[in-house]
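# Summary of structural features
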Amino acid sequence: MLQTNLLHTNSHARSVARVLAVVFVLNVVVALAKLLWGIMSQSMSMSADGIHSLIDSLGNVVGLIGIFIAGRPADSTHPYGHSKFELFASLVIGCFLIIAAFEVGSGAIERIFSGVYVATITPMSYTVMGITLVVNLCVTTYERKCAKRFSSSILAADAMHTLSDVLTSIGVIVGLVLVQAGFPIADPIMALVVTVFIVISAISVFRSSLRPLSDHSQIPKERILEMAKEIPGVVDVHAVRSRGTEAEVYCDLHLLVDPQMTVLEAHRLGDKLESKLKDAFPSLVEVLIHVEPYGYDDDVL
């Protein structure tokens, strides 16, 4: 069983790492395109969007480091493995987003109050934004599918991050149109809109990462009770708990059986329940079952 869990963990880490490596390359290309042209055209909103994409790239690096550590097998100091390091990496991505939001937002506010608008919009501006927008749409779709396939919190967090980049890019394009229409203040205003999207993305990342870190229940208790009572011989189940990450879930429960049942029979019931639960929930790594005689009172000795 331990060997099986080890293989599962390593396979998960390798799969997620491959996805992050591909996304990292694409994010770097997108970030450089928007950032460099934003600087050349003095468009604050394009530069802000480029910074946002650059944070995506840094997030990929953090994710690769986190998934590398998370893929390490259990040891004497981490008997449950290192899977939660993937969540810590997600939190770091969230912190990067907050820093990016502060830098972009403060710069936009300064530009608005100064009243200096120097953005130059050309057909190349629309070309750069259009191409990078399509790339980001492909990236976020790819990451969301892989996040579900591999039950990866880091991929889900990064997909949310990239989705916010898509939304902000659309806002930047709208801002470019308004600048050309004679509203130059639209450029720093759209940079503020980018800031809002970055903050929303950061909140989503923190929320999705803190739930498993706080040992939030991963499997509905009612579902486990239903499945247990479908097994002949099981009288009742209580003290049901589950925790862990989406990729590695741990569960423990108390199985109540007939007091006259032999230890061997009760053990077989536990095995049946464990097998049934693991078939229904593939991410379930371990099920700890404590067998109790039904009607037994711990206070009566």
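What you are looking at is a predicted structure, and each value in this text was computed from that prediction instead of being measured.

## Examining empty space enclosed by the protein
Which parts of space are left empty comes out when a probe the size of a water molecule is rolled across the atoms. One pass over the structure, following the stated rule, counts 2 cavities of 30 Å³ or more. Looking at the lining of the second largest cavity, its residues break down into 2 nonpolar, 6 polar and 2 charged.

## What about the sheet that holds strand β2 (residues 249–257)?
Backbone hydrogen bonds are what pair the strands of a sheet, in a parallel or an antiparallel way. Spatial strand order, β1-β2-β3: 3 strands in an open sheet with mixed pairing. A strand with exactly one partner marks an edge of an open sheet, and here the two such strands are β1 (236–244) and β3 (284–293). Within the sheet, the average angular offset between the axes of one strand and its neighbour, ignoring direction, is 15 degrees. In terms of strand pairing, β1 meets β2 through 7 bridges, oriented antiparallel. Within the sheet, the bridge partner assigned to Val237 lies in β2 and is Leu255. Together, β1 and β2 form the strand contacts of helix α7 (residues 221–229), whose direction differs from that of β1 by roughly 135 degrees. Strands in contact with helix α8 (residues 263–280) are β2 and β3; relative to β3, the strand with the most contacts, it is inclined by about 150 degrees.

## Digging into the pairing of β3
Pairing between β2 and β3: 9 bridges, direction parallel. By the bridge assignment for β3, His254 is matched with His290.

## Quick word on the layout of surface pockets
Reported here for the largest pocket is a volume of approximately 410 Å³. Surrounding the largest pocket, 19 residues form its lining, Ser153, Ala156, Ala157, Ser208 and Glu246 being those nearest its centre. Looking at side-chain class alone, the lining of the largest pocket contains 8 nonpolar, 7 polar and 4 charged residues.

## Considerations on the side chain of Thr140
Positionally, Thr140 belongs in helix α4 (residues 123–150). Overall, Thr140 belongs to the buried group, its relative accessible area being 4%. Filtering out sequence-adjacent residues up to four positions away, Thr140 remains in contact with Ala159, Thr162, Leu163 and Val166.

## Observations concerning unusual backbone geometry
Glycine aside, residues mostly have negative phi angles, and peptide bonds mostly take the trans form. Backbone geometry places Ala239, a non-glycine residue, at a positive phi of 55 degrees. Structurally, Ala239 can be placed in strand β1.

The rules behind the values
Residues numbered from 1 in each chain as written. Predicted model: local features only at pLDDT ≥ 70, side-chain atom pairs only at ≥ 80, totals over all residues. Heavy atoms only, no water. 1 Å grid on protein atoms, 1.4 Å probe; cavity = no way out; pocket = protein on both sides within 12 Å on 5 of 7 lines; lining within 4 Å. Points joined across faces, edges and corners; volume = space filled by probe spheres on them. Nonpolar A, V, L, I, M, F, W, Y, C, P; charged D, E, K, R; others polar. Pairing = 2+ DSSP bridges. Helix = DSSP H or I, 4+ residues; strand = E, 2+ residues; numbered from the N terminus. Axes fitted to C-alpha atoms, helices over the stretch in contact; angles between N-to-C directions. Contact = heavy atoms within 4.5 Å. Buried < 20%, exposed > 50% of the residue type's maximum accessible area, 1.4 Å probe, protein only.

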